[in-house]
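Summary of structural features
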Amino acid sequence: MLRTTLAGLRAHRLRFLLTSLAILLGVGFIAGTFVLNDTVEAGFAQRVTADAGKVDVAVLPKGSGDPLPAGLLDRIRSLPGVTEAQGIVRGPAPLLGKDGKAVGTLPTTAVSVVTGPLDRTDVVAGTGPGTDDHAAVLDENTAEAQGLRLGDTITVLDSRRRPHAFRLVGLIDTGLDQQLAFTGAVGFTTDTARRMTGAEGYAEIDVKGSGAGLKQAVAAAAGGSYAVRTGAELADELAASAGVDTRLLTVGLLMFGLVAMLVAALVIYNTFTILVAQRTREMALLRCIGATRGQVFSQVLLESAAVGLLASLAGLAAGYGLAALTLTVLGALDAPLPTDAAVTLSPVTAGIALTVGVLVTVGAAVLPARSATRVAPVAALRSEPEERTFRAGRVRMLFAAFFLLAGAGTTGAGAFALPPRGRSRWSSSWPGARSPSWRC
């Protein structure tokens, strides 16, 4: 029966073209959705959430509480499983413009730029301050508004309103940090940031380590006085604070994939029903030479599994290409999505897409396969032609072409009707982000 099934598939390849196309489209939507979602989440981790994925555990003040003491950082560093811990200093440090006046209505926020595996600063031009206490970085919006370039000298006031000169070595993207996006950011080394802001402690402590109980150990060291978050929880909070939720994008795209798979299931069911009706004499001949009902049932399901697997592989490739094309189009339209992350196909995505494609195909073929088992051996003696050619009417083909063109036109009109954006950076594309004109 296995050889018979494979020979039938080779002999009637065009017979399964409609089924394969339906599966390909459905799996392509689902695979493309997961690939696009993985890529967008990688972009969020890299640029939108200040790469919070690098952090295993973060310690924050509760609400607007007191800063984290320096002694807490020392206790965390001594915990087993902790490989790196850095304190983030943050506080007001007004930047002076070329006219000698403070920039903006609120003081620029000074932040410490750490080095090593916990460096979450997105440097878009130049470099970070490193260990140079006389170097500084600015957010790109402030630098553009003030006409500052790399290599220029900037003047910043410390907590006692004393001016200090620094060499501008880099430009940074503030991501979704609403405070930095509104006030502007100037970055220093940790020691310089503490000296400029007069901060007694840290605004945040980031921890890198291993072990299932790392968060609990850090929470115990904090003594319950501070909020302890994992890197994933920190990323979700940063995104939620700016109204960004990647799950909405995933669910929306998956709905299209599920609808496509539902349509595919209906097409598969109808296709196999027609095929079983067309192969009545073939099934009857198999019964005449000794094939059991179970073998006939298995033959139809095996055909569906083979078609589903091949079409799902093609759909997986189509989904990858669809995700790459979507990101390219979004990049061209300057849409607010992180489109610069590499498009990758994870094993989980491949497994889900192939599993869904095969299961939907086999599931849709169960009822037609059951109908095939009811063909009596005497049907082989009938004189009806084995197959009847199905031809779609001209009216039906015209309607199908009309709706296809209408759908394509509507999709294109909706895509190209998006309002243009003047900037592609996240810091200027989200609500609350500063426009360079605010700083003039």
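As shown above, the structure is provided for reference.
So, how was this worked out
Residues numbered from 1 in each chain as written. Predicted model: local features only at pLDDT ≥ 70, side-chain atom pairs only at ≥ 80, totals over all residues. Heavy atoms only, no water. Helix = DSSP H or I, 4+ residues; strand = E, 2+ residues; numbered from the N terminus. Buried < 20%, exposed > 50% of the residue type's maximum accessible area, 1.4 Å probe, protein only. Contact = heavy atoms within 4.5 Å. Areas by Shrake-Rupley, 256 points an atom, 1.4 Å probe, with all protein chains shown as cover. Salt bridge = Lys/Arg side-chain N within 4 Å of Asp/Glu carboxyl O. Axes fitted to C-alpha atoms, helices over the stretch in contact; angles between N-to-C directions. Left-handed = near helix turned anticlockwise from the far one by under 90°. Pairing = 2+ DSSP bridges. Polar contact = N/O pair within 3.5 Å; in protein donor to acceptor, adjacent residues only side chain to side chain. Arc of directions from axis to C-beta.

So, about the overall build of the protein. Of the regular secondary structure elements, the protein holds 14 helices and 12 strands. When burial is assessed residue by residue, the protein has 42% of its 440 residues classed as buried. In the protein, of all internal contacts separated by at least 6 residues, the share reaching a separation of at least 24 is 83%. Summed over all atoms, the accessible surface of the protein reaches about 22400 Å², with 62% contributed by carbon and sulfur.

With that settled, the discussion passes to the pattern of salt bridges. Tallied over the entire structure, the rule returns 6 salt bridges. Of the charged contacts in the structure, one is a salt bridge between arginine 194 and aspartate 191, with a shortest N-O distance of 3.4 Å. Taken together, the residues arginine 194 and aspartate 191, both in helix H6 (residues 190-197) and 3 residues apart, mark about one turn of the helix. Put simply, lysine 215 and glutamate 233 hold a salt bridge, and the shortest N to O gap is 3.2 Å. With lysine 215 in helix H7 (residues 214-222) and glutamate 233 in helix H8 (residues 231-241), this pair connects stretches of sequence that are 18 residues apart. The partly exposed category is assigned to glutamate 233, whose relative accessible area is 31%. Through salt bridges with shared partners, a single network forms among Arg120, Glu204 and Asp206.

Okay, the packing of helix H11 (residues 293-332) against helix H12 (residues 347-364) next. Put simply, H11 and H12 touch, their axes get as near as 8 Å, and they point 145° apart. In this structure, H11 meets H12 at a crossing whose hand is right-handed. From H11, Leu301, Ser304, Ala305, Gly308, Leu309, Ser312, Leu313 and Leu316 reach across to H12, where they touch Thr349, Ala350, Ala353, Leu354, Gly357, Val358, Thr361 and Val362.

Quick look at the pairing of strand S10 (residues 185-188) now. Residues of S10 alternate between two faces, with Ala185 and Gly187 on one and Val186 and Phe188 on the opposite face, all of them buried. Direction of pairing for strand S5 (residues 109-112) relative to S10: parallel, over a ladder of 4 bridges. Bridge pairing in S10 places alanine 110 opposite valine 186. Relative to S10, strand S7 (residues 135-139) runs antiparallel, the two sharing 2 bridges. The residue bridging valine 137 from the neighbouring strand is glycine 187, located in S10.

Take unusual backbone geometry next. Of note in this structure, arginine 161 is not a glycine but carries a positive phi near 70°. By the secondary structure assignment, arginine 161 is in the loop between strand S8 (153-157) and strand S9 (163-173).

By the element assignment, glutamine 86 lies in strand S2 (residues 82-88). What makes glutamine 86 buried here is its relative accessible area of 16%. Polar contacts involving the side chain of glutamine 86 include one to the side chain of glutamate 84, which spans 2.7 Å. Not counting chain neighbours up to four residues away, the residues in contact with glutamine 86 comprise Leu73, Arg77, Val114, Thr115, Leu118, Glu204, Ile205 and Asp206.

Because an α-helix completes one turn every 3.6 residues, residues spaced three or four positions apart along the sequence face the same direction. Among all positions of H6, only Thr190, Thr192, Ala193, Met196 and Thr197 are buried. Axial view of H6: buried residues confined to an arc of 160°, hence all on one face. Directly after H6, the chain includes glycine 198, whose backbone phi takes a positive value near 70°.

Further remarks concern the sheet that holds strand S11 (residues 204-209). With antiparallel pairing, 4 strands are arranged side by side in an open sheet as S2-S11-S1-S12. Two strands close off the open sheet at either side, each with one partner strand: S2 and strand S12 (226-230). This sheet shows a mean twist of 20° between the axes of neighbouring strands, independent of strand direction. H7 contacts strand S1 (57-61), S2, S11 and S12 of the sheet and is inclined by roughly 170° relative to S12.

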